[in-house]
Amino acid sequence: MSANSKRMESVQIYRAILFMGIVAFHCNVPGAEMLWFGVPAFFVISAYFLTLNLQKNEQISLSSLLKKRFWRLCPPYWIVLLLAAALTFREGSSVMAIGRDLIEHILFVQIFVWMRRPGSLHFTGHTWTLALEIWMSLIWMIAFKVIRTHQGRVRFNICMLILAYLYRVVFCILLQNVEMLVYNPIFHVDSFAWGSLLAEMDIWEKKRGAGFLLIAGGVGIIALIAVMAKVNHVSLAEGYSLYGTSGDYLLNPVMCNIYGVMAIFSAGIFLWIIHNGGAAKGTAKAFLYCGNHSYTAYLLHYVLLGVVNYTLPMHAVFKTILVIGLSVLGAAMIDECVRKIKKARR
């Protein structure tokens, strides 16, 4: 097995761990309040591989790149949307409301709609992350077609980092509206910028960068937990827990940048993995299997969690284990179905 293949296995295991953490967060497992950390981490990974793909395919047209990414991401998403629509209809929602929400989701504009009003399609609250990724991918694809030099692309990514921090601070003060902040792609654009910057680094920069990013991100996270604790007059442990609550902390111009330091920390972890990762062995093979289906499993888990909450009330830990298992098995079936359909289309 080549070194690149071994590193890819480590990346897939990392994806599996991030996915499991997000499920634990959604299941309200005690101590998992900040495991939404997986969201910016997934953005970093996505941007890294998107940038590598753009570097290798500079001569391919933008339409071809978009078509390829569309057919990779959308079929599992459509299947999950149909499941969510069927469950929402069963709960008594009108066909008109479901149809309107389906169109919004298919066009990936639900994030812009949710800035003004909540959606009526149940079990799809997590799809804002995919919509954000689609819009940010489009921005990066256009930027790479326009900006042809390495230095120009590095400057572009640095500008995106600065833009994200400025947006969070300035609009946090001006808007005082959580939905208007968090559903705007600019709010999360630094995660994508970090992933893209990692792909632009040379080997020596990657060796030095992992430690720096891990330390900077880790110190930033601890500092912002301390700020949360001080502002709310609670202990550090309780300050940590508050980052998993309603999101009102996003209206504070300092604490809203928890997403920024999470992006830095996740970039450091990812950089360390792609530099030091090895092949999966033993029990790690199960994580590798989960990581290989993590995208579809992530889309599916929220629907399954809704069903479990309605039908099988149980302790958060057991619920997490059940939802992870069902999500991975369901994702494997969906991925195999999509693979066969794609094969038949060729």
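The paragraphs below set out a description of the structure included in this document. (Residues numbered from 1 in each chain as written. Predicted model: local features only at pLDDT ≥ 70, side-chain atom pairs only at ≥ 80, totals over all residues. Heavy atoms only, no water.)

### Details of the overall build of the protein chain
As a reminder, the rule being used: Runs of H or I in DSSP of at least four residues are treated as helices and runs of E of at least two as strands, each being numbered from the N terminus. Classification of residues uses two cut-offs on accessible area relative to the type maximum, computed with a 1.4 Å probe and protein chains only: under 20% is buried, over 50% is exposed, and between them is partly exposed. Contacts were defined at the residue level, with two residues in contact if any of their heavy atoms lie within 4.5 Å.
For the protein chain, the helix and strand inventory stands at 15 helices and zero strands. Summarising its shape, the C-alpha atoms of the protein chain cover approximately 60 × 55 × 45 Å along the three principal directions. Evaluated residue by residue, the protein chain yields a buried proportion of 51% over its 346 residues. Considering only intrachain contacts with a sequence separation of at least 6, the fraction spanning at least 24 residues in the protein chain is 75%.

### Focus: empty space enclosed by the protein
We apply this condition: A pocket here means an open set of points on a 1 Å grid, computed over the protein atoms alone, that has protein on both sides within 12 Å along at least five of seven lines. A cavity is instead a set of points where a 1.4 Å probe fits but cannot get out; residues with an atom within 4 Å of a point line either one. Grid points are joined across faces, edges and corners, and a volume is the space filled by probe spheres set on the points. Residue classes follow a fixed rule: Ala, Val, Leu, Ile, Met, Phe, Trp, Tyr, Cys and Pro count as nonpolar, while Asp, Glu, Lys and Arg count as charged, and any other residue, Gly among them, counts as polar.
Tallying each qualifying case throughout the model produces one cavity of 30 Å³ or more. Roughly 40 Å³ of internal volume is contained in the largest cavity. For the largest cavity, the full set of lining residues is Leu54, Glu58, Phe144, Lys145, Arg148 and Arg153. A per-class count over the lining of the largest cavity returns two nonpolar, no polar and four charged.

### Side note on the layout of surface pockets
The calculated volume of the largest pocket comes to roughly 960 Å³. What lines the largest pocket is a set of 34 residues, and nearest its centre among them are Arg15, Arg72, Leu73, Glu133 and Tyr295. Those elements giving two or more residues to the lining of the largest pocket turn out to be helix 1 (3-26), helix 2 (38-56), helix 3 (62-90), helix 6 (128-146), helix 13 (284-292), helix 14 (294-311) and helix 15 (316-345). When residues of the lining of the largest pocket are assigned to their parent elements, the largest contribution, nine residues, is made by helix 2. Of the residues contributing to the lining of the largest pocket, the split by class is 16 nonpolar, ten polar and eight charged. Each pocket or cavity is described by its volume, and for the second largest pocket that value is around 700 Å³. Forming the walls of the second largest pocket are 30 residues, and the residues nearest its centre are Phe25, His26, Trp128, Tyr183 and Tyr259.

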